[in-house]
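Structure assessment
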Amino acid sequence: MTVRFRPLDPVQDAELLHGWVTHPKAAFWMMQYASREDVAREYTAFAANPHHEAFVGLVDGVPSIFMERYDPVHLELVGLYEPQPGDVGMHFLVAPADTPVHGFTRKVITAVMAELFADPATARVVVEPNVDNKAVHALNAAVGFVPAREIRKPEKKALLSFCTRAQFEAAVGAAA
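Residues numbered from 1 in each chain as written. Predicted model: local features only at pLDDT ≥ 70, side-chain atom pairs only at ≥ 80, totals over all residues. Heavy atoms only, no water.

**Let's talk about the pattern of salt bridges**
Here is the rule we go by: One speaks of a salt bridge when a side-chain nitrogen belonging to Lys or Arg is within 4 Å of a carboxyl oxygen belonging to Asp or Glu. Each helix corresponds to a stretch of at least 4 residues labelled H or I by DSSP, and each strand to a stretch of at least 2 residues labelled E; elements are numbered beginning at the N terminus. Partly exposed describes any residue whose relative accessible area lies between the buried limit of under 20% and the exposed limit of over 50%, with all areas from a 1.4 Å probe on protein chains only and scaled to the type maximum.
Enumeration over the complete set of coordinates arrives at ten salt bridges. Among the salt bridges present, the one from R69 reaches E53, with a minimum N-O distance of 2.6 Å. Of the two residues, R69 sits in strand β3 (residues 62-70) while E53 sits in strand β2 (residues 52-59), which places them 16 residues apart along the sequence. A relative accessible area of 35% places E53 in the partly exposed class. Look at the salt bridges and you will find they share partners, linking E76, E128, K153, E155 and K156 into a network.

Put into structure tokens, the structure is as follows:
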């Protein structure tokens, strides 16, 4: 499986992303009732923010992953934890599939983490998934995330978790 990431084009990719974030399996993205225009507007605003980047992941050339990288010093987690130099926030979403492939999502999160750690400035990845999203907690643990504590965000109760480069490499192997 070959994964490569390209920057999200919020206008050109709005239709694609709309189908992903409004799918029932993406309920934790809280965009179930968003229109295509809402999605384009939301990600156009993100694209203008210097502390946020969004990417489409291509798996063997097919758009299959949505990944956001953000600076938690300025977005999402301001005042909710003590940031460290090299912290990078991350969200990811796997495109809905008619025929799920066993182990695919684990390969995806491994590719996402490898992409983030490909930047030598990234020392630790920070995530804050909904406390009820048990599936993503298991995936996070599989790639080395360690839960710190529950936090309250305006839109959700979240499980703040961290993964250092060493924890990632220990979890998935240094070849990742």
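**Examining the confidence of the model for the protein**
Quick note on the threshold: pLDDT expresses how confident the predictor is about each individual residue, on a scale running from 0 to 100.
Averaged over every residue, the pLDDT of the protein is 91; the share at 70 or more is 98%. By mean pLDDT, helix α2 (residues 36-47) is the weakest element of the protein at 86, and strand β5 (residues 124-127) is the strongest at 98.

**Notes on the sheet that holds strand β4 (residues 87-94)**
Inclusion rule: Strand pairing is assigned whenever DSSP identifies at least 2 bridges connecting the two strands. In this analysis an axis means a line fitted to C-alpha atoms, helices contributing only their contacting stretch, and an angle means the value between N-to-C directions, from 0 to 180 degrees.
Taken in spatial order, the seven strands of this open sheet run β1-β2-β3-β4-β5-β7-β6, and their pairing is mixed. Edge positions in the sheet fall to β1 (3-7) and β6 (146-153), since each of these pairs with one other strand and no more. Pairs of neighbouring strands in the sheet enclose a mean axial angle of 30 degrees, with direction left out of account. Direction of pairing for β1 relative to β2: antiparallel, over a ladder of five bridges. Residue pairing for β2: V3 is matched across the bridge by V59.

**A word on helix α3 (residues 104-117)**
Given 3.6 residues per turn, any residue in an α-helix points the same way as the ones three and four places further on. Applied cut-off: Multiplying 1.5 Å by the helix residue count minus one yields the expected span of that helix.
The terminal C-alpha atoms of α3, which comprises 14 residues, lie 20 Å apart, in line with the 20 Å expected from a rise of 1.5 Å per residue. Within α3 the residues assigned to the buried category are F104, V108, I109, T110, A111, V112, M113, L116 and F117.

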